[in-house]
Amino acid sequence: MIIKSVLFLLWIVPISLCSNPHIVFIIADDMGWNDFSFHGADQIQTPNIDALAYHGVILNQLYAQPVCTPTRAALLTGRYPSNIGMQGWPLGSAETKALPAGKILPEYLKDLGYSTYMVGKWHLGYYKEEFTPTYRGFDSHLGYLNGFISYFDHINQEQVAYDPDMFLAGLDFRRNMTPAWDLSGRYATDVFTEEAERLIQQHNASTPMFLYLAHLAGHAGNAGKLLEAPQEVINQFSHIIEPNRKTYAAMTWNLDESVGRVVKALQANGMLENTVIVFMSDNGAPTESVVKYQNWGSNYPLRGLKTTHWEGGIRVPAVIWNHQLARRVSGELFHVTDWLPTLLAVAGGSAVDAPVDGLNQWDALMSNGTSPRTDALLLLDEVANVYAFRWGKWKLTNGTNHELQGKTDGFYGESGSSPSNPPYNITAVIHSYVGEALSNLESSIPPSEEEILEMRLEATVSCPELSDETACNPISNSEPCLFDLVEDPCEKNNVASSHPDVVQTMMEMLSKYQESLVPQEQVDPDIDGSDPAKYNNTWSPWKD
């Protein structure tokens, strides 16, 4: 590739950062592979996130979990969810279940001298105060405890029992443990952005900071108003006719602006050059109504939806930036559990003695080297009886979400390549908040337009037409399916029958995780105890 030869002529990659860099981790919710324009789509353009990508490392092989709670558990513990009993469906509002006790990422970072701040979504349990963010290592938290809220009124309304007519509803918005009624009516993305800006502006830059910004966007809200955005932003997307997709585009625009404003705040406080910034989505998009909380996002051209272990459900858009990283598109295998040991290495610590499944990827990122990860447990759910495992280029799975009988196994969402879309606006990327801030760093050599287009092309997944396609149909066939993701990234051709040795080896590797699996705790919702009506119409830790 031209880009790689140019980069290494211009860039001498140092072997370490200066001590105690700041860490800003931004996680989007339910956003698809094709909802960010650095992956090749033109329909929704994301200039700030794209600029971060083109100045940094696009992690094109990063895997999360198919739903919210397991991904966040894996991120903060460095453990495979099935090794701590956090696999399966996301936590419901009335469940007496939470992330198990034990040290998590912000606590490790506090031991290294970091101030730790959380903004946004928790979704790891809260039936007792001891399970909430400020009791789990964060110095402060502004946000919500459940899986979603409406964007303006910050109400969470959930069907909490197996009765389709039974719902509980209440405010789910807090400053630490105090309900934030005064923020009702403010658009959630803006509230979270302003809080992140405030924390950065007031932070003493001589103390390392960890900011975990867990956005609501683009998760759907409550029934009746699944998608919400300021009307003036919606009006900017006249080229999109489908009204829900248009609103989703506006939600994405606000998220992109948030990333820009956070970077601008870091620049203003003299912190940017000594910061590591991560951006990722927690899982794929629930494009279709067959999945709860449809948001009209796009996983195209990857297969499947949120809740599935097809690539569209678990292979997520992800970027990491620091001014010392050589910009590139990385095809190295990366798992969400790797963030904990990797960020501890960034902070000058180590997870060697910690009980983690993740691997430290920092040396490989700094040196443009080979990932230490050669395999990954992508999913193991003993209740749903599904699994997915990655070994090198191979992916082994028993396929579908059986409860939905194959209704989530197709290809969904906008391609982003319609001629009605505006052309890709490189100028907007270069002159975005992020583009200008990163280009103005003393150490920066900004990417040229040619490099930007080359990186964008390399980050774009294309699905070749296969002359001999064999479907994976686990509903009628109990045998596992095998895919060569190098030749077949869209999982069209099941090659299990022609590679029985690979299947056998991977099943043996998978078996060790089946042996170490901690069963999911099956709890009935505490409808009476958790009812927000008992707590001034707020969702609160009710077991205290």
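## A word on the overall build of the protein
(1) Moving on: Secondary structure summary: the protein contains 15 helices and 18 strands in total.
(2) Moving on: Relative to a compact globule of 544 residues, whose C-alpha radius of gyration would be 24 Å, the protein shows 22 Å and is just as compact.
(3) Moving on: Counting only C-alpha atoms and orienting by the principal axes, one finds that the protein spans roughly 65 × 60 × 55 Å.
(4) Moving on: Within the protein, residue pairs in contact and separated by at least 24 positions form 73% of the contacts whose partners lie at least 6 positions apart.
(5) Moving on: As displayed, the protein has an accessible area near 19,700 Å², and 50% of this comes from carbon and sulfur atoms.
(6) Moving on: Here the protein contributes 34 positively and 65 negatively charged side chains, and the mean placements of these two sets differ by 3 Å.

## Here we look at the layout of surface pockets
(1) Moving on: A volume near 550 Å³ is recorded for the second largest pocket.
(2) Moving on: Gln61, Ser330, Gly331, Glu332 and Leu333 are the residues nearest the centre of the second largest pocket, which is lined by 31 residues in total.
(3) Moving on: Those elements giving two or more residues to the lining of the second largest pocket turn out to be strand E13 (328–330), helix H10 (362–367) and helix H13 (449–459).
(4) Moving on: Ranked by the residues each element gives to the lining of the second largest pocket, the list is headed by E13, at three residues.
(5) Moving on: Grouping the amino acids of the lining of the second largest pocket by side-chain chemistry returns eleven nonpolar, twelve polar and eight charged.

## Quick look at the state of the cysteines
Cysteine pairs can be covalently joined through their sulfur atoms, and such a bond is termed a disulfide.
(1) Moving on: Inspection of the entire model under this criterion finds two disulfides.
(2) Moving on: There is a disulfide in this structure between cysteine 463 and cysteine 490, and the S-S distance comes to 1.5 Å. Placement of cysteine 463 in the loop between H13 and strand E18 (481–484) and of cysteine 490 in the loop between E18 and helix H14 (500–516) is noted, with a sequence separation of 27 residues between them.
(3) Moving on: In this structure cysteine 463 comes out as partly exposed when scored by relative accessible area, which is 23%.
(4) Moving on: Across the disulfide from cysteine 472 sits cysteine 481; the S-S distance is 1.9 Å. Between cysteine 472 and cysteine 481, the S-S torsion sits near 85°, and that sign places the bridge as right-handed.
(5) Moving on: Cysteine 481 gets classed as buried once you look at its relative accessible area, which sits at 2%.
(6) Moving on: By sequence-ordered numbering of the bonded cysteines, the protein has its disulfides arranged as 1-4, 2-3.

## Overview of the confidence of the model for the protein
(1) Moving on: Mean pLDDT over the protein: 93, with 94% of residues reaching 70 or higher.
(2) Moving on: Throughout residues 1–16 the model reports pLDDT below 50, and contacts reaching past four residues in sequence, or to other chains, amount to 30 contacts.

## Details of the packing of helix H2 (residues 47–55) against helix H7 (residues 243–268)
(1) Moving on: Packing of H2 against H7 leaves a shortest axis separation of 7 Å and a crossing angle of 55°. In terms of orientation, H2 lies oblique with respect to H7. Judged by residue contacts, Pro47, Asn48 and Ile49 of H2 engage Asp256, Glu257, Val259 and Gly260 from H7.
(2) Moving on: For the contact of H2 with H7, a count of residues per class yields three nonpolar, two polar and two charged.

## Some remarks on the pairing of E18
Working note: regular strand, side chains alternate between the two faces of the sheet.
(1) Moving on: Neither face of E18 is open: one carries Cys481 and Phe483, the other Leu482 and Asp484, and all of them are buried.
(2) Moving on: Pairing geometry for strand E17 (residues 394–397) and E18, over four bridges, is antiparallel. Counterpart to tryptophan 394 in the pairing with E18 is aspartate 484.

## So, the nonpolar core
(1) Moving on: Counting residues in each nonpolar core, the largest one holds 71 residues, and the members touching the most others are Leu211, Leu266, Leu272 and Phe279.
(2) Moving on: In terms of residue count, the dominant contributor to this core is H7 (ten residues).
(3) Moving on: When residues no more than four places from it in sequence are discounted, the contact partners of phenylalanine 279 are Ile26, Ala28, Phe36, Ile49, Leu52, Leu255, Val259, Pro317, Ala318 and Val319.
(4) Moving on: Core analysis: the second largest hydrophobic core is formed by 56 residues, Ala74, Ala94, Tyr108 and Ala347 among them.

## A closer look at H7
(1) Moving on: Here H7 spans 37 Å end to end across 26 residues, near enough to the 38 Å set by a 1.5 Å rise per residue.
(2) Moving on: Among the 26 residues that make up H7, 19 are buried, leaving the element largely enclosed by the rest of the structure.
(3) Moving on: Capping of H7 at its N-terminal end is provided by glutamate 242; its side-chain oxygen lies 2.8 Å from the backbone amide nitrogen of asparagine 244.
(4) Moving on: In the segment just after H7, glycine 270 is the residue with positive phi, at about 70°.

## Here's the deal with empty space enclosed by the protein
Regions of empty space are outlined by a rolling probe, equal in size to a water molecule, passed over the atoms.
(1) Moving on: Inspection of every chain in the model, using the stated rule, returns two cavities of 30 Å³ or more.
(2) Moving on: The volume enclosed by the second largest cavity comes to roughly 40 Å³.
(3) Moving on: The wall of the second largest cavity is formed by Leu91, Gly92, Glu95, Lys97, His123, Leu124, Gly125, Tyr126, Leu145 and Asn146.
(4) Moving on: Each residue belonging to the lining of the second largest cavity can be placed in one class, and the counts come to four nonpolar, four polar and two charged.

## What to know about the pairing of strand E10 (residues 209–214)
(1) Moving on: With six of six residues buried, E10 is to be regarded as a mostly interior element.
(2) Moving on: A two-sided burial pattern is seen for E10, the buried positions comprising Met209, Leu211 and Leu213 on one face and Phe210, Tyr212 and Ala214 on the other.
(3) Moving on: With five bridges connecting them, strand E1 (residues 22–28) and E10 associate as parallel partners. Paired with isoleucine 23 across the strands is phenylalanine 210, a residue of E10.

## A short note on the packing of helix H5 (residues 188–202) against H7
(1) Moving on: Packing of H5 against H7 leaves a shortest axis separation of 9 Å and a crossing angle of 10°. Of the possible angle classes, the one that applies to H5 and H7 is roughly parallel. Between H5, through Thr189, Asp190, Thr193, Glu194, Ala196, Glu197 and Ile200, and H7, the contact on the second element is made entirely by Asn254, Leu255, Ser258, Arg261, Val262, Ala265 and Leu266.

## Details of the side chain of arginine 390
(1) Moving on: The topology assignment puts arginine 390 in strand E16 (residues 386–391).
(2) Moving on: Buried arginine 390, no salt bridge; nearest opposite-charge side chain is glutamate 311, N-O distance 5.0 Å.
(3) Moving on: A polar contact is formed between the side chain of arginine 390 and the side chain of tyrosine 63, at a distance of 2.7 Å.
(4) Moving on: Reaching out from arginine 390, the side chain makes a polar contact with the backbone oxygen of glycine 392 at a distance of 2.7 Å.
(5) Moving on: Not counting the four nearest positions on each side in its chain, arginine 390 is found in contact with Gln61, Tyr63, Leu333, Thr374, Asp375, Ala376, Leu378, Lys395, Leu485 and Met506.

Cut-offs applied
- Residues numbered from 1 in each chain as written.
- Predicted model: local features only at pLDDT ≥ 70, side-chain atom pairs only at ≥ 80, totals over all residues.
- Heavy atoms only, no water.
- Helix = DSSP H or I, 4+ residues; strand = E, 2+ residues; numbered from the N terminus.
- Rg over C-alpha atoms; globule rule 2.2 N^0.38 Å.
- Contact = heavy atoms within 4.5 Å.
- Areas by Shrake-Rupley, 256 points an atom, 1.4 Å probe, with all protein chains shown as cover.
- Lys, Arg positive; Asp, Glu negative; His and termini not counted.
- Charge placed at Lys NZ, Arg CZ, Asp CG, Glu CD.
- 1 Å grid on protein atoms, 1.4 Å probe; cavity = no way out; pocket = protein on both sides within 12 Å on 5 of 7 lines; lining within 4 Å.
- Points joined across faces, edges and corners; volume = space filled by probe spheres on them.
- Nonpolar A, V, L, I, M, F, W, Y, C, P; charged D, E, K, R; others polar.
- Disulfide = S-S within 2.5 Å.
- Buried < 20%, exposed > 50% of the residue type's maximum accessible area, 1.4 Å probe, protein only.
- pLDDT = per-residue confidence, 0-100.
- Axes fitted to C-alpha atoms, helices over the stretch in contact; angles between N-to-C directions.
- Parallel < 35°, antiparallel > 145°, perpendicular 65-115°, else oblique.
- Pairing = 2+ DSSP bridges.
- Core = buried A, V, L, I, M, F, W, Y, C linked by side-chain atoms within 4.5 Å.
- Expected span 1.5 Å × (residues − 1).
- Polar contact = N/O pair within 3.5 Å; in protein donor to acceptor, adjacent residues only side chain to side chain.
- Salt bridge = Lys/Arg side-chain N within 4 Å of Asp/Glu carboxyl O.

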